[in-house]
Amino acid sequence: MKTSDYVFFTIELDGSTKHCVASYRQIPNNMNDAEMTRNYVQKSVVVVSNVPLYAAINKRIEIITHAYFEQGDFGNTEIL
């Protein structure tokens, strides 16, 4: 099972095309919450750009998102 990946896509926002890179990762669910019925949760970081620099953006966020996901505290977004 692949637990992380990147997706490139475009959206229309306020009449212009935005270029997006999404980095996502599946993380083991360690919460003891009866409502959480899955073994993994998925977290994502999305960068929205006015210019189509997908490879450049992906290269830069790869290290940052790895560190963000490893810290495990998703309320702490300072690293982003």
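Structure shown above.
Thresholds, definitions, all that
Residues numbered from 1 in each chain as written. Predicted model: local features only at pLDDT ≥ 70, side-chain atom pairs only at ≥ 80, totals over all residues. Heavy atoms only, no water. Helix = DSSP H or I, 4+ residues; strand = E, 2+ residues; numbered from the N terminus. Rg over C-alpha atoms; globule rule 2.2 N^0.38 Å. Buried < 20%, exposed > 50% of the residue type's maximum accessible area, 1.4 Å probe, protein only. Contact = heavy atoms within 4.5 Å. Areas by Shrake-Rupley, 256 points an atom, 1.4 Å probe, with all protein chains shown as cover. Patch = residues over 30% accessible without salt bridge, like charges linked within 9 Å, V, L, I, M, F, W, Y side chains within 5 Å. Salt bridge = Lys/Arg side-chain N within 4 Å of Asp/Glu carboxyl O.

Caption draft 1: Representation of the overall build of the chain within the structure. Looking only at helices and strands, one finds one helix and three strands in the chain. The C-alpha atoms of the chain give 15 Å as radius of gyration, which overshoots the globular expectation for 80 residues (12 Å, by more than 25%). Taken over the C-alpha atoms alone, the chain extends approximately 45 × 25 × 25 Å along its principal axes. Put simply, the chain has 80 residues, and 22% of those count as buried. Across the chain, every contact between residues at least 6 apart in sequence was considered, and the portion connecting residues at least 24 apart equals 43%. Accessible area of the chain: about 6,000 Å², with a carbon and sulfur share of 50%.

Caption draft 2: Structural detail: a nonpolar patch on the surface. A cluster of nonpolar side chains, namely Ile11, Leu13, Val46 and Val48, defines an oily patch on the protein surface of about 300 Å² accessible area. Put simply, the parts of the chain that give the nonpolar patch at least two residues each are strand E1 (4-13) and strand E3 (40-49). Along the polypeptide, Val46 turns up in strand E3. We classify Val46 as partly exposed; its relative accessible area is 45%.

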